[in-house]
Amino acid sequence: QVQPVESGGGLVQAGGSLRLSCAASGRTLGTYVISWFRQAPGKEREFVATITSGGRTYYADSVKGRFAISRDNAKNTVYLQMNSLKPEDTAVYYCAVASGGVVYSRTSEYTYWGQGTQVTVSS
């Protein structure tokens, strides 16, 4: 059992930065694939970034070069550093957890989800 909890969202001006955190209770995250997804009102949930147990990272084209996912196993926490934020980044951001061997960009692959944290980027 893994229970992720997101934090760090808020309101930021375009061009600014935020760092989201995904902290887990229960099992440690070290052996899991951890991903961030986001969902804006009226839109489907979309993939943002993934970090594997081995530290490999993957990003949606829309955030490459601006976002960075990282993991601190000692704190059982995964981070999403978001830089150069744009209004189109506005969404609820969710942390999702799955075992290895998944298709990382598919929501259906993930067993555990956090409650989400709101990110709003003003024009």
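These remarks concern the structure in this document. None of the values given here were measured: they were computed from a predicted structure. (Residues numbered from 1 in each chain as written. Predicted model: local features only at pLDDT ≥ 70, side-chain atom pairs only at ≥ 80, totals over all residues. Heavy atoms only, no water.)

1. Considering the nonpolar core
- Core analysis: the largest hydrophobic core is formed by 36 residues, its most contacted members being Trp36, Leu80, Met82 and Tyr93.
- Within the residue set of this core, elements represented by two or more residues are strand E3 (18–26), strand E4 (33–39), strand E5 (46–51), strand E7 (67–72), strand E8 (77–82), strand E9 (91–98) and strand E11 (117–122).
- Element by element, the count of residues in this core is highest for E9, at 6 residues.
- Those residues in contact with leucine 80 that lie beyond four places of it in its chain are Leu18, Arg19, Leu20, Trp36, Val48, Ala49, Phe67, Ala68, Ile69 and Tyr93. (Core = buried A, V, L, I, M, F, W, Y, C linked by side-chain atoms within 4.5 Å. Buried < 20%, exposed > 50% of the residue type's maximum accessible area, 1.4 Å probe, protein only. Helix = DSSP H or I, 4+ residues; strand = E, 2+ residues; numbered from the N terminus. Contact = heavy atoms within 4.5 Å.)

2. Comments concerning the packing of aromatic side chains
- In total, this model carries 7 aromatic pairs according to the counting rule given.
- Consider the rings of phenylalanine 47 and tyrosine 104, whose centres lie 5.2 Å apart with planes at 55°: the pair is tilted. With phenylalanine 47 in strand E5 and tyrosine 104 in the loop between E9 and strand E10 (112–113), this pair connects stretches of sequence that are 57 residues apart.
- Taking relative accessible area as the criterion, tyrosine 104 reaches 31% and is therefore assigned partly exposed.
- Members of the aromatic cluster, connected to one another through ring pairs, are Phe37, Phe47, Tyr58, Tyr94, Tyr104, Tyr110 and Trp113.
- The ring of tyrosine 94 is capped by arginine 45, whose NZ or CZ atom sits 3.9 Å from the centre of that ring.
- Positioned above the aromatic ring of tryptophan 113 is the side chain of arginine 45, whose terminal nitrogen or guanidinium carbon lies 4.9 Å from the ring centre. (Phe/Tyr/Trp six-rings, centres within 6.5 Å; stacked < 30°, edge-to-face > 60°. Lys NZ or Arg CZ within 6 Å of the ring centre and 35° of its normal.)

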